[in-house]
Number of protein chains: 2
Amino acid sequence: MFIKDPMAIEDRSMKIIAPHLEGLALTDDEKIICSRIVHASGDVGYAPIVRIHPDLIDVAKSTLSAGKNIFTDVEMVRRGINIRTFRKFGGEIFCKISDVDTRELAKREGITRSMAAMRIFGKRLDGQIIAIGNAPTALFEVLRLVRDENIRPAIIIGVPVGFVGAAEAKSQLIAQREIPYVTVVGTKGGSSIAVATVNALLYMLDNSRGLIEK
Amino acid sequence: MFIKDPMAIEDRSMKIIAPHLEGLALTDDEKIICSRIVHASGDVGYAPIVRIHPDLIDVAKSTLSAGKNIFTDVEMVRRGINIRTFRKFGGEIFCKISDVDTRELAKREGITRSMAAMRIFGKRLDGQIIAIGNAPTALFEVLRLVRDENIRPAIIIGVPVGFVGAAEAKSQLIAQREIPYVTVVGTKGGSSIAVATVNALLYMLDNSRGLIEK
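Please read all numbers here as calculations on a predicted model, not as lab measurements.

A. Summary view of the interface of chain A and chain B. With 51 residues of chain A at the interface, the matching set in chain B holds 51 residues. A combined buried area of about 4100 Å² lies between chain A and chain B, and 64% of that area is made up of carbon and sulfur atoms. Where B:Glu75 meets A:Arg79, a salt bridge forms, and the shortest distance between an N and an O atom there is 3.6 Å. Linking chain A to chain B there are four residue pairs in polar contact (both at pLDDT 80 or more). For the side of chain A that touches chain B, the secondary-structure elements that each account for two or more residues are α1 (6-17), α2 (28-41), α4 (75-80), α7 (113-121), α8 (136-148) and α10 (191-205) of chain A. Among the elements that line the side of chain A that touches chain B, the one with the most residues is α1(A), at six residues. Classifying every residue of the side of chain A that touches chain B by side-chain character gives 23 nonpolar, 16 polar and twelve charged.

B. Just the packing of helix α3 (residues 56-65) of chain A against α10(A), in detail. Residues and elements named next belong to chain A. In the contact formed by α3 and α10, the axes pass within 10 Å of each other and the chain directions differ by 75°. One way to sum up the angle between α3 and α10 is to call them roughly perpendicular. For the pair α3 and α10, contact is made by Leu56, Ile57, Ala60, Lys61, Leu64 and Ser65 and by Leu201, Leu202, Met204 and Leu205, respectively. For the contact of α3 with α10, the residue count by class is eight nonpolar, one polar and one charged.

C. Representation of the environment of B:Glu141. All names here are of chain B. Considering the arrangement of structural elements, one finds Glu141 in helix α8 (residues 136-148). In the structure, Glu141 is positioned 35 residues away from Ala106 in sequence and 13 Å away in space, judged by C-alpha atoms. In this structure, Glu141 is in contact with Met115, Met118 and Arg119, ignoring residues within four places of it in sequence.

D. The arrangement of helix α6 (residues 100-109) of chain B in detail. All names here are of chain B. Inspection of α6 places Thr102, Leu105 and Ala106 among the buried residues, and these make up the whole buried set. Projection of α6 onto a plane perpendicular to its axis shows the buried side chains occupying an angular sector of 100°, all on one side. For α6, exposure combined with an orientation more than 90 degrees from the buried face picks out Val100, Lys107 and Arg108. Those residues of α6 hidden inside the fold are in contact with α7 (113-121).

E. Representation of α3(A) within the structure. Residue and element names in this part refer to chain A. Along α3, the residues classified as buried are Leu56, Ile57, Ala60, Thr63 and Leu64. Taken around the axis of α3, the buried residues stretch over an arc of 140°, which confines them to a single face. Looking at the residues trailing α3, positive phi occurs at Gly67, about 80°.

F. Structural view of empty space enclosed by the protein. Following the criterion strictly, the structure yields six cavities of 30 Å³ or more and no others. If you add up the space inside the largest cavity, you get close to 150 Å³. Along the wall of the largest cavity there are 17 residues; nearest its centre are A:Tyr46, A:Gly189, B:Ser41, B:Tyr46 and B:Gly189. Those elements giving two or more residues to the lining of the largest cavity turn out to be α2 and α10 of chain A together with α2 (28-41) and α10 (191-205) of chain B. Here the lining of the largest cavity is composed, by residue class, of six nonpolar, seven polar and four charged.

G. Here's a closer look at the pairing of strand β4 (residues 129-132) of chain A. Residue and element names in this part refer to chain A. With burial as the criterion, each face of β4 is covered, one bearing Ile129 and Ala131 and the other bearing Ile130 and Ile132. In this sheet, β4 lies alongside strand β2 (residues 70-72) in parallel orientation, the contact comprising three bridges. Among the inter-strand pairings, Phe71 is bridged to a residue of β4, identified as Ile130. Here four bridges tie β4 to strand β5 (residues 155-158), and the two strands are oriented parallel to one another. Its bridge partner lying in β5, Ile129 is registered against Ile155. At this point the chain moves from β4, through α8, to the parallel β5, and the crossover so formed is right-handed.

H. Main features of unusual backbone geometry. Positive phi, normally seen in glycine, also occurs at A:Asn150, with a value near 55°. Within the secondary structure, A:Asn150 sits in the loop between α8 and β5.

I. Structural context of the pattern of salt bridges. Residues and elements named next belong to chain A. Evaluated as defined, the whole model comprises 32 salt bridges over all chains. Between Glu141 and Arg144 there is a salt bridge, with its nearest N and O atoms 2.8 Å apart. On the criterion of helical spacing, the pair formed by Glu141 and Arg144 is a turn pair, its members being three residues apart in helix α8. One network of salt bridges, in which partners are shared, links Glu109, Arg119, Glu141, Arg144 and Glu149.

Criteria and thresholds
Residues numbered from 1 in each chain as written. Chains lettered and ligands numbered in written order. Predicted model: local features only at pLDDT ≥ 70, side-chain atom pairs only at ≥ 80, totals over all residues. Heavy atoms only, no water. Contact = heavy atoms within 4.5 Å. Buried area = accessible area lost by both parts, 1.4 Å probe. Salt bridge = Lys/Arg side-chain N within 4 Å of Asp/Glu carboxyl O. Polar contact = N/O pair within 3.5 Å; in protein donor to acceptor, adjacent residues only side chain to side chain. Helix = DSSP H or I, 4+ residues; strand = E, 2+ residues; numbered from the N terminus. Nonpolar A, V, L, I, M, F, W, Y, C, P; charged D, E, K, R; others polar. Axes fitted to C-alpha atoms, helices over the stretch in contact; angles between N-to-C directions. Parallel < 35°, antiparallel > 145°, perpendicular 65-115°, else oblique. Buried < 20%, exposed > 50% of the residue type's maximum accessible area, 1.4 Å probe, protein only. Arc of directions from axis to C-beta. 1 Å grid on protein atoms, 1.4 Å probe; cavity = no way out; pocket = protein on both sides within 12 Å on 5 of 7 lines; lining within 4 Å. Points joined across faces, edges and corners; volume = space filled by probe spheres on them. Pairing = 2+ DSSP bridges. Right-handed = clockwise from strand over helix to strand, strands pointing away.

The analysis is restricted to geometry; functional conclusions fall outside its scope.
Okay, structure coming up:
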């Protein structure tokens, strides 16, 4: 028979993942992020491609604890974040991809909706958390806002996916050293990876169990 | 500069993916599913591990066209499906993971919530579409309903993820030959993979563009 108890499943999964994180010079908190990403993808190939800025853990903890908001590129990321845990800190999660003003700007400029959404957020991103799981263009736009418009998010979780721009956008995220980030190099990524990262940070702050929707 | 136009991004992505699908003996429709999965994951390693039942394409098309419903294990899957396209056919998408009766049954039985949700759906699954992107236990439960309670979903998109039960549940899905399925062998999978599969099927039926949330 198979294991049906959600806590037993999670514990067993983490035990299976742990050896794959050895030798990667990760701190304990960084291991939590990496193991949640591997857990969410079923892919141990993620372990060596995760990149975490050295200030990320501290800044993420203080930002989340202060009740700051999360801005996502797509609804799947918004929907996957553990909202019960997140709400305890007082923040809200915003996604504008389906809003009318976003659609209009995207159409007018010939850009993706998620890129338009980040442009419209603009100054609202100052001091907040960004979680991009799908669109390289959204990450390119956030990096432009940082570079050209002096906007300063607290942290950027930037794991857009795919063969067109994703690796380049994530390289640019790593190359800027000012805003702490979590990313993965290369083409892989996605909403599940962004969600796993945010939830890993939440679990560091609130370790009550029953956290995974399974 | 990077490509900002969503249609150009998608076209370029599909051109990059196409060579990775050669030599896999896929039909044109099966290639659409595989390429969407690779596109959604940024991982060409998915191409050889996708498994599609020979009747899947025909049954999926007729079931979706008939306005049947989709039952998902987690909210991320519900949320990622292209709802505008899906609604044209008249179906609805259901997810019970957060409902009170699901929580109560899961707690009482010591099982996962997504497993409890499938058990409560029960007879409602007859003739409908199931999309499981997260929990192996949900897929085990659906296969039990088929085997022991004579429930007959039209198709099962079963791509649960992880190191505890996922590979086994997906092997069982392949071993039963009665219900057409899409799955991936091994530990990989996830909500994004389930969503990519459902959306690929929708695009076969309704090829108006602007389909990807980017």
